[in-house]
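Examination of the molecular architecture
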Amino acid sequence: MTRYAAVLFDWDGTVMDSTYSIASSIQLASADLELPVPSIQQASWVIGLSLESALYRAVPDLTAEQMPLFLERYRHHFMQRDPHIKLFDGILPFMGELRGRQIALGVATGKSRQGLDRVLQQVNLSTFFDATRCADETRSKPDPEMLHQLLAELMLEPEQVLMVGDTVHDIHMAANAGMDSVAVTYGAHDPQTLAKAEPTVMVDNVAQMRDWVLERT
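Thresholds, definitions, all that
- Residues numbered from 1 in each chain as written.
- Predicted model: local features only at pLDDT ≥ 70, side-chain atom pairs only at ≥ 80, totals over all residues.
- Heavy atoms only, no water.
- Salt bridge = Lys/Arg side-chain N within 4 Å of Asp/Glu carboxyl O.
- Helix = DSSP H or I, 4+ residues; strand = E, 2+ residues; numbered from the N terminus.
- Buried < 20%, exposed > 50% of the residue type's maximum accessible area, 1.4 Å probe, protein only.
- Arc of directions from axis to C-beta.
- Contact = heavy atoms within 4.5 Å.

An unreviewed UniProt entry annotates the chain as HAD-IA family hydrolase originating from Alcaligenes ammonioxydans.

Put into structure tokens, the structure is as follows:
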């Protein structure tokens, strides 16, 4: 059985219950600009990608000229919801258990650095993680560069590290980096979509994730 020295987490839809807030903000911004409004499923599929890449995919009619205004409207709607978004139940105690076992913790997210730093401060986790990487600091998922940088910072090999995420972008990124992965089915992508990406394991809730990971750390 593989023993992991570090666990890397995606943020939105994996650690924080923000999937619906992101998807609905994309919908509202689309309506503001009188663009075709994507379904919640379409808007959710792009979560985890860098924001501009995600928006072009979720809203195909969006032009480069419209992007600055779209981003402003998206952020307006998201910030209205932001204070009410919470961490998934059980995720923080689970991470605390990992830290107690001297397991390194990291974040690999499609959020911007400004967005991640803001939310980490908001939930009092600014100094909690050993290493973090954001979409505006490296190539977007599923490119493995984000994970390569984290591995270098943590001075670990791919087989020593586990990636946890709620989208196929996370699972493909882990595979591209030679890492094992946990797919959580409570976030943006449904179990059938996640299964096609062939994660190491799929779990339906934080409790299942905790049991599987603690057995291997």
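Okay, the pattern of salt bridges next. The final tally for this structure, using the stated rule, is 12 salt bridges. A salt bridge links Lys-111 to Asp-12, with the shortest nitrogen-to-oxygen separation between them at 3.4 Å. Here Asp-12 lies in the loop between strand S1 (6-9) and helix H1 (19-32) and Lys-111 lies in the loop between strand S2 (104-108) and helix H6 (113-122), a separation of 99 residues in the sequence. Residue Asp-12 is classed as buried on the basis of its relative accessible area of 8%. Among the ionic pairs, Arg-210 bridges to Glu-97, the shortest N-O distance being 2.7 Å. On the criterion of sequence distance, the pair formed by Arg-210 in helix H10 (residues 206-214) and Glu-97 in helix H5 (residues 91-100) is long-range, its members being 113 residues apart. The exposure class of Arg-210 is partly exposed, given its relative accessible area of 31%. Connected via shared salt-bridge partners are Asp-10, Lys-141 and Asp-170.

Within the sequence span of H5, burial applies to Ile-91, Phe-94, Met-95 and Leu-98. Angular distribution of buried residues about the axis of H5 spans 100°; they occupy a single face of the element. Projecting away from the buried face of H5 at angles above 90 degrees are the exposed residues Pro-93 and Gly-100. On its buried face, H5 sits against S1, S2 and H10. Looking one or two places after H5, you find Gln-102, whose phi comes out positive at around 65°.

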